[in-house]
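Analysis of the macromolecular model
For reference, the chains in residue letters:
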Amino acid sequence: MTRKQKRLAVIGGGVAFLVAAVLLVMFAFSQSIAYFYVPGDLAKANVAPGTRIRLGGLVENGTVRRGEGSTITFTVTDTLATVPVTYTGILPDLFREGQGVVAEGAFGTDGLFVADTVLAKHDETYMPKDVADRLKAQGVELSGKETIK
């Protein structure tokens, strides 16, 4: 092998390594992305069962039901649509009806959202900006203290 061929082989090997690394990173990111939706967006979005998403909105009053063990069912609403949610685990201390919530999980084949993570709002003056913006767009009146500035 000549010197030029050796240099070309090293450069080709480096480029192949970089391409493989970029493809692996892109594959890893595509597996971990969870898009954010509010209940009113889900009718338009046509989310396939089993696809991981984040569902945000308010816990509808009168819908929290405790099942066997640590299973809880409740409904998330944005005042235009509602989505039934089931969660097995320990809920955050601040979780309650009428408060903001973000649930991460997937829809089952029966249309029930099965959450594996539930995040409750921080305190009475906090709501995730995405949730607050979408609720405002739906016509829900917020006092202005609920969003991060």
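Going by what an unreviewed UniProt entry lists, the protein is known as Cytochrome c-type biogenesis protein CcmE and is assigned to Shinella fusca. Heading Function (unreviewed entry) of the UniProt record for the protein holds this comment: "Heme chaperone required for the biogenesis of c-type cytochromes. Transiently binds heme delivered by CcmC and transfers the heme to apo-cytochromes in a process facilitated by CcmF and CcmH." Under Sequence similarities (unreviewed entry), UniProt gives the following word-for-word description of the protein: "Belongs to the CcmE/CycJ family."

Remarks on the side chain of Thr75
Along the chain, the position of Thr75 falls in strand E4 (residues 71-77). Taking the relative accessible area as the measure of exposure, Thr75 reaches 15% and is therefore buried. Not counting chain neighbours up to four residues away, the residues in contact with Thr75 comprise Leu58, Val59, Glu60, Thr63, Thr82, Val83 and Pro84.

Comments concerning the packing of aromatic side chains
For the coordinates displayed, the defined rule picks out two aromatic pairs. Taking 4.9 Å as the distance between ring centres and 65 degrees as the angle between the ring planes, the aromatic pair formed by Phe74 and Phe95 counts as edge-to-face. Of the two residues, Phe74 sits in strand E4 while Phe95 sits in the loop between strand E5 (82-88) and strand E6 (100-107), which places them 21 residues apart along the sequence. An identical accessibility class is assigned to Phe74 and Phe95; each is buried.

So, the nonpolar core
Core analysis: the biggest nonpolar cluster contains 20 residues, and Leu42, Phe74, Phe113 and Val118 have the highest contact counts within it. Those elements that provide at least two residues to this core are strand E2 (52-59), E4, E5, E6 and strand E7 (113-120). Apart from the residues lying within four places of it in its own chain, the contact partners of Val118 are Phe74, Tyr87, Leu91, Pro92, Phe95, Val101, Val102 and Ala103. Core analysis: the second largest hydrophobic core is formed by seven residues, Val38, Val102, Val131 and Leu135 among them.

How each quantity is defined
Residues numbered from 1 in each chain as written. Predicted model: local features only at pLDDT ≥ 70, side-chain atom pairs only at ≥ 80, totals over all residues. Heavy atoms only, no water. UniProt positions renumbered as here; feature names shortened; annotations may be inferred. Helix = DSSP H or I, 4+ residues; strand = E, 2+ residues; numbered from the N terminus. Buried < 20%, exposed > 50% of the residue type's maximum accessible area, 1.4 Å probe, protein only. Contact = heavy atoms within 4.5 Å. Phe/Tyr/Trp six-rings, centres within 6.5 Å; stacked < 30°, edge-to-face > 60°. Core = buried A, V, L, I, M, F, W, Y, C linked by side-chain atoms within 4.5 Å.

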